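# Topology and contacts: notes
The residues making up each chain are set out below.
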Amino acid sequence: MIMTFDAIQRARELAESDLNGAIVLLSSVHEDHDRQTEFFPDGAFLLARLFHRAQLRDKAIAIVDEIIALDPHCAQIWWFELDLHRFTERYRQACERIYDEIIQLAELPYPDADRTFIEVIFSVLPNDDQAVIDRFLAGGEAKKSKVKTITALVALLKDLKSALDVRRKEFGDIDYWRFSLLGKDQTHEYIDDCFHVNISLLQFVDLAEWDYSLARAFIASVAARLYGSGYWDDEGVSSLERTSYQDKLTAKVWKLLQALMANFGPAVQYEHRLVYPSRLPLQAGELWVRAGVTELWALWSFLDNSAEAVEAAERVAKRAIEASGDAKKFARDDSWWPMTSAENNILILNRNAGWYAKPQFAAASFAHWALLYERGLSRGNIISTCMSEMLTVKTMSEDICRHAIAHWNDDVFETLLDGVNVVFVTAFAKQVQENYDSGRLNLLWKDLGFKARINSLRALPAPMSIFPLYPDDSWSHTFNKLAAACRDSIKETNATVFLASCGAYGIPLVTTVHQEFHIASVYYGHAMNDYFGMLTTHARKFSSFVKRCPQSPHWVDGDLASRVPEINNIPDGWRYL
């Protein structure tokens, strides 16, 4: 008979490739040992998790109940027990039982202790919650910093419970919910059949007291109160029109919660509701911009604390020099969550989008980039994307998102290009120009069913300044040269449409051109290259044009990898190849 310890180890390894095989192995040991102590709790806990992965929830619950019967004080399984029972009546019972255990224990020595404790406190809401919180957090200064935050969240959840009870009594269960920024006197609001939980009530000095455990426990507690109602993701639209500069600190918390919601797993079911106009109302002479998530993170850092951000830019510039072209040495320091480090955000802007600077030039150049980017988001119409991040930067700059917001529309864009002179800045300038001059672009558009024909096209090469390619002293120096080249081309060709696909240069460039020439100026990002026949990895996976006519012989391989091997320094650089 296989030894229990060996079986647990083999099952753990086997689970990665053969889940059913691991379950069969551990189940046989469980039956043979029939409540033998050497199988509990580690072996039984592993078997419960494997059952849960296999969507055998009832069997997982049975194993957990067996563990509790043998050892009611087994803190190791608390977080898993809560996950199993969330959205059911037993969730409340489990919280109450765990709460009784918590107040009898001096400490909880396991990795998920904080998260479990906070979730239970939020869910049970005892009358002596402050006393229990103080007792648990007395173990260190780091934990003490959370007391006021947890107390505020408990108060919000008490009000939320009352609101939900009233709502259910009158109208029944709630179908959808979301976090929102509402007025300061509202706990909640019911908008478009969706229950909006107001976190504008949560004003904090900074984010020091927020961490993964606290945010996840708060989300889990709200979700549990809503009995598994779906999470309505509208990309922040319902909050966008309600924000002001005074919401700046709350927007930071909202940003963290939204980032976590996207990774919360199957426990929360999503429904996406697109509330923008379905048709892009693109007209001649207008400015339209599409923000990138990398750029918004960096701008967020600048608007949050410009002095700290420009100092961080100088540190990034020095680190880039010290890395000597080694991308592994030039990487962000912390995990993806939360994205509140100015140095990390600017470093990613350097690696992913092409902003760069040598030491002593970085502070001024980053401020130059940020101010131009903010100007573009303030003066331009917004092509909807990354709206969750857009909401947070809007709370720091009242002018951002002042104009129209709409989804991109291929047909409207194609109509804009009909019979006009175009200047287009792209990393694929050589291929795009050859494609147009040879007539292949018109043939491709015919294959795609487009009726438009560009009158003239001038393609200008986008700067390649991703780490470690630094063509000048700074982004500002390169940008000024690029802007001058664009001015000359627009004048020479009498262009009435200006397009750009050039990372960190894009929105500042189209904004500058529009301000000077008042012609239609559009920044749509890398996807703009799809229209001009560039067959990239992104196009093959996502482009509706490639799907519409994949057999057309007039697509062109951009061949960016051989021309710019440094593209491999971009963490998700595959998109551009």
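Sequence order sets the numbering: in each chain, residues are counted from 1 along the sequence as written. In keeping with the model being predicted, local features are shown solely for residues with a pLDDT of at least 70 and side-chain atom pairs are shown and tallied solely at 80 or more, while totals for entire chains, interfaces and linings include all residues. Hydrogen atoms and water are omitted, and side-chain values are computed over all heavy atoms in the structure.

A few words on the overall build of the protein chain. Counting its secondary structure elements, the protein chain contains 27 helices and 12 strands. For each residue, the accessible area found with a 1.4 Å probe, counting protein chains only, is set against the maximum for its type, and the residue is called buried under 20%, exposed over 50%, and partly exposed in between. Within the protein chain, buried positions represent 57% of all 577 residues. Contact criterion: two residues are considered in contact whenever any of their non-hydrogen atoms come within 4.5 Å of each other. Look at the contacts in the protein chain between residues 6 or more apart in sequence, and 72% of them connect residues 24 or more apart. For the protein chain, the accessible area works out to roughly 24800 Å², and carbon and sulfur atoms hold 49% of it. Numbering goes from the N terminus for both helices and strands, where a helix is a DSSP run of H or I of at least four residues and a strand is a run of E of at least two. Accessible surface area values rest on a Shrake-Rupley calculation with a 1.4 Å probe, where residue burial reflects the displayed protein chains alone.

What follows covers the packing of helix H1 (residues 4-14) against helix H3 (residues 42-53). A fitted line through C-alpha atoms represents every axis, and for helices the fit uses only the stretch in contact; the resulting angles, taken between N-to-C directions, go from 0 to 180 degrees. H3 packs onto H1 with a crossing angle of 25 degrees between their chain directions and a minimal axis gap of 10 Å. Relative to H3, the element H1 lies roughly parallel. Of the two elements, H1 crosses H3, and the hand of that crossing is left-handed. Two secondary-structure elements touch here, H1 through Ile8, Ala11 and Arg12 and H3 through Asp42, Gly43 and Leu46. Classification convention: Asp, Glu, Lys, Arg as charged; Ala, Val, Leu, Ile, Met, Phe, Trp, Tyr, Cys, Pro as nonpolar; all other residues, Gly among them, as polar. The residue inventory of the contact of H1 with H3, partitioned by class, reads three nonpolar, one polar and two charged. Convention used here: angles under 35 degrees read as roughly parallel, angles over 145 as roughly antiparallel, angles from 65 to 115 as roughly perpendicular, and any remaining angle as oblique. Take the far helix as the reference: if the near one is turned anticlockwise from it by less than a right angle, the crossing is left-handed, and if turned clockwise, right-handed.

Among the nonpolar cores identified, the biggest contains 148 residues, and Phe179, Phe218, Trp355, Trp369, Leu377 and Phe498 are the most heavily contacted of them. The greatest single-element share of this core, amounting to nine residues, is contributed by helix H10 (residues 147-171). Setting aside anything within four residues of it in sequence, one finds Phe179 in contact with Val197, Ile199, Phe218, Ile219, Val222, Tyr231, Trp254, Leu257, Gln258 and Met261. Of all hydrophobic cores here, the second largest spans 44 residues; its members include Ala406, Val422, Leu457 and Ala520. The criterion is simple. A nonpolar core is a set of buried Ala, Val, Leu, Ile, Met, Phe, Trp, Tyr and Cys residues joined through side-chain atoms within 4.5 Å.

For any pair of aromatic rings, the description rests on two quantities: the centre-to-centre distance and the angle between the ring planes. Side-chain rings of Phe, Tyr and Trp, where Trp is taken by its six-membered ring, are said to pair if the distance between their centres is within 6.5 Å; with planes under 30 degrees apart they count as stacked, over 60 as edge-to-face, and otherwise as tilted. Tallying each qualifying case throughout the model produces 22 aromatic pairs. Among the aromatic residues, those joined into a cluster by ring pairs are Phe122, Trp177, Phe179, Phe218 and Tyr231. Stacked on the ring of Tyr524, the Lys or Arg Arg290 has its end atom at 5.0 Å from the ring centre. We call a charge positioned over a ring when the NZ of a Lys or the CZ of an Arg lies within 6 Å of the ring centre and within 35 degrees of the ring normal.

As for its placement among the helices and strands, Leu14 is situated in helix H1. Residue class for Leu14 comes out partly exposed when judged on its relative accessible area of 28%. For the pair Leu14 and Leu25, spaced 11 residues apart in sequence, the C-alpha separation works out to 9.4 Å. Contacts of Leu14, omitting those with residues within four sequence positions, involve Leu19, Gly21 and Ala22.

Alternating positions in strand E12 (residues 520-523) separate into two faces, Ala520 and Val522 on one and Ser521 and Tyr523 on the other, with burial throughout. Any two strands with at least two DSSP bridges between them are considered paired. As defined by bridge partners, strand E6 (residues 287-289) adjoins E12 across three bridges and the pair is classed as parallel. Across the sheet, the residue bridging to Val289 is Tyr523, located in E12. The pairing of strand E11 (residues 497-501) with E12 spans four bridges and is classified as parallel. Counterpart to Leu499 in the pairing with E12 is Val522. Whether a crossover is right-handed depends on one test, that the path from the first strand over the helix to the second runs clockwise when the strands point away from the viewer. Read from E11 through helix H23 (residues 506-517) to E12, the crossover connection turns out right-handed.

Moving on to helix H15 (residues 306-323). The terminal C-alpha atoms of H15 lie 25 Å apart, and with 18 residues this matches the ideal 26 Å at 1.5 Å per residue to within 8%. Residues Ala309, Val310, Ala312, Ala313, Glu314, Val316, Ala317, Arg319, Ala320 and Ala323 constitute the buried set of H15. Check the buried side of H15 and you find it contacts helix H14 (293-304), helix H16 (342-353) and helix H17 (362-379). Taken from the residues just after H15, Ser324 is the one with a positive phi, measuring 50 degrees. Expected helix span is given by 1.5 Å per residue-to-residue step, counting one fewer step than there are residues.

Taking 1.5 Å per residue as the helical rise, H10 with its 25 residues ought to reach 36 Å, and the 36 Å between its terminal C-alpha atoms agrees with that figure. Taken together, the buried positions of H10 are Val147, Thr149, Ile150, Leu153, Val154, Leu156, Leu157, Leu160, Ala163, Leu164 and Arg168. Just past H10, the residue Gly172 takes up positive phi, approximately 90 degrees.

Note that all results are geometric; they support no functional claim without further evidence.
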